[in-house]
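Take a look at the letters that make up each chain.
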Amino acid sequence: MPYLSHTRYELPLLLEGRKKLARMSDAYPPMKFEGEDRFDHWVAKGVLHREEVNEPFDKPVQTSHGQIYLGHRTVYYTPKGEEWRIPASRLIWDASGKSGGWNEHFERLEGMLFGYEDWQNDWWIKRGITGGGFGGLSCCCTMTAAGLTWIEAAGFRALPPIDRPTLTIRMHDWENEADQYAAMFGDPDSVAVGRFNMLGRDFMNFWKSQCGGPWELPAGSIAEFNRFLRGSVEIVARRDGAV
């Protein structure tokens, strides 16, 4: 990156005034993120402002390792005097959910709230668009020739219906994507791999006990699953000669 990203540098950037808003978000329990005490030290000193929002799941989610998650926890920090950025951030996320999903325009607004300069937002958005879009977890699945035809006709806005019991969903592996695609083509009926995004809290509502994937989505749940997609489905790989 041509500039210092906030990941793992949130606290020093906040203290230097180079970052105006930080958001830490994860499933709970635990009710604490790594290094939270360091942030709260500066809250106690009156340098930073803190707000916490907890959103319980409709039902507890249990992982394959036995961990039970009860909800989604978000903690916001701003320098004193910049508290207005927290409700503005929540408003943007609420608006995205009512406007067809998160996209590069909402991403730019959030980047401005974080305090990034225009040229930095330009670089980040260009990178995000070429990398598959914005908004939550990046996942992928295979599709048959019929499914690929369906998704093209649907404008790449939804996953296609299937004629088998379940659709296998995998977390996208950015570091080994070529190997991942090759392994997914082990299914002889698969002609393409599609990549899509979904917010983590929406994604987790579809699974009772699996964590880390792959996940098996029942064929009858695909239409409901599509309601929570963020942006378009991108075709990232095709079997040579099959399409």
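In the block above lies the structure referred to throughout.
Conventions we followed
- Residues numbered from 1 in each chain as written.
- Predicted model: local features only at pLDDT ≥ 70, side-chain atom pairs only at ≥ 80, totals over all residues.
- Heavy atoms only, no water.
- Phe/Tyr/Trp six-rings, centres within 6.5 Å; stacked < 30°, edge-to-face > 60°.
- Buried < 20%, exposed > 50% of the residue type's maximum accessible area, 1.4 Å probe, protein only.
- Lys NZ or Arg CZ within 6 Å of the ring centre and 35° of its normal.
- Helix = DSSP H or I, 4+ residues; strand = E, 2+ residues; numbered from the N terminus.
- Contact = heavy atoms within 4.5 Å.
- Salt bridge = Lys/Arg side-chain N within 4 Å of Asp/Glu carboxyl O.
- Pairing = 2+ DSSP bridges.
- Axes fitted to C-alpha atoms, helices over the stretch in contact; angles between N-to-C directions.
- Core = buried A, V, L, I, M, F, W, Y, C linked by side-chain atoms within 4.5 Å.

(A) Focus on the packing of aromatic side chains. Summed over all chains, the structure comprises 16 aromatic pairs. With a centroid separation of 6.5 Å and 85° between ring planes, the pair formed by phenylalanine 114 and tyrosine 116 is classed as edge-to-face. You can call tyrosine 116 buried: its relative accessible area is 16%. Put simply, the rings of Phe196, Phe203, Phe206, Trp207, Trp215, Phe225 and Phe228 touch in pairs and so form one group of aromatic residues. The side chain of lysine 19 reaches across the aromatic face of phenylalanine 114, ending 3.9 Å from its centre.

(B) Just the environment of phenylalanine 156, in detail. Turning to its location among the elements, phenylalanine 156 is positioned in the loop between α6 (145–153) and β5 (166–171). Along the backbone, phenylalanine 156 and alanine 145 are 11 residues apart, and their C-alpha atoms lie at a distance of 14 Å. What phenylalanine 156 contacts, discounting residues up to four positions off in sequence, is Ile151, Ser232, Val233 and Ile235.

(C) The arrangement of the pattern of salt bridges in detail. Under the counting rule described, the total for this entry stands at 14 salt bridges. For the salt bridge of arginine 73 with glutamate 36, the shortest nitrogen-to-oxygen distance reads 2.7 Å. Here the residue arginine 73 occupies a position in strand β3 (residues 68–79), and glutamate 36 occupies one in helix α2 (residues 36–44), the gap between them amounting to 37 residues. Its relative accessible area of 3% is what places glutamate 36 among the buried residues. One salt-bridge network, in which partners are shared between bridges, spans Glu36, Asp40, Arg50, Glu52 and Arg73.

(D) Structural detail: the sheet that holds strand β2 (residues 48–62). Read across the open sheet, the three strands follow the order β1-β3-β2; overall the sheet is antiparallel. Single-partner strands in this sheet number two, and they are β1 (22–28) and β2. The sheet shows a mean angle of 15° between the axes of neighbouring strands, direction not considered. As defined by bridge partners, β2 adjoins β3 across 11 bridges and the pair is classed as antiparallel.

(E) Structural view of the nonpolar core. Ranked by internal contacts, the top residues of the largest apolar core, which has 25 residues, are Leu159, Ile169, Phe196, Phe203 and Phe225. Those elements that place two or more of their residues in this core are β2, β4 (137–143), α6, β5, β6 (192–198), α8 (200–204), β7 (215–218) and α9 (222–226). Excluding residues within four positions of it along the chain, phenylalanine 203 makes contact with Leu137, Cys139, Ile169, Met198, Trp215 and Phe225. Ranked by size, the runner-up nonpolar core spans 11 residues in total, among them Tyr3, Tyr76, Ile92 and Trp102.

(F) Examining the sheet that holds strand β8 (residues 234–238) more closely. Strands sit in the order β7-β5-β4-β6-β8 across an open sheet of five strands; the sheet is antiparallel. Where the open sheet ends on each side, the last strands, each with one partner, are β7 and β8. This sheet shows a mean twist of 35° between the axes of neighbouring strands, independent of strand direction. Strand direction decides the pairing type here: β5 and β7, joined by four bridges, are antiparallel. Bridge pairing in β7 links isoleucine 169 to tryptophan 215. Here α6 sits on the sheet in contact with β4, β6 and β8, set at roughly 150° to β8.

(G) Seen up close, unusual backbone geometry. Here tyrosine 28 and proline 29 are connected by a cis peptide whose omega angle stands at 0°. Position of proline 29 among the secondary structure elements: in the loop between β1 and α2. Between proline 29 and the following residue, proline 30, the backbone shows a cis peptide bond with an omega angle of 5°. Counting through the fold element by element, proline 30 comes out in the loop between β1 and α2. With a phi angle near 60°, phenylalanine 156 is a residue other than glycine that sits in the positive phi range. On the basis of relative accessibility, which here comes to 27%, the residue phenylalanine 156 falls in the partly exposed class.

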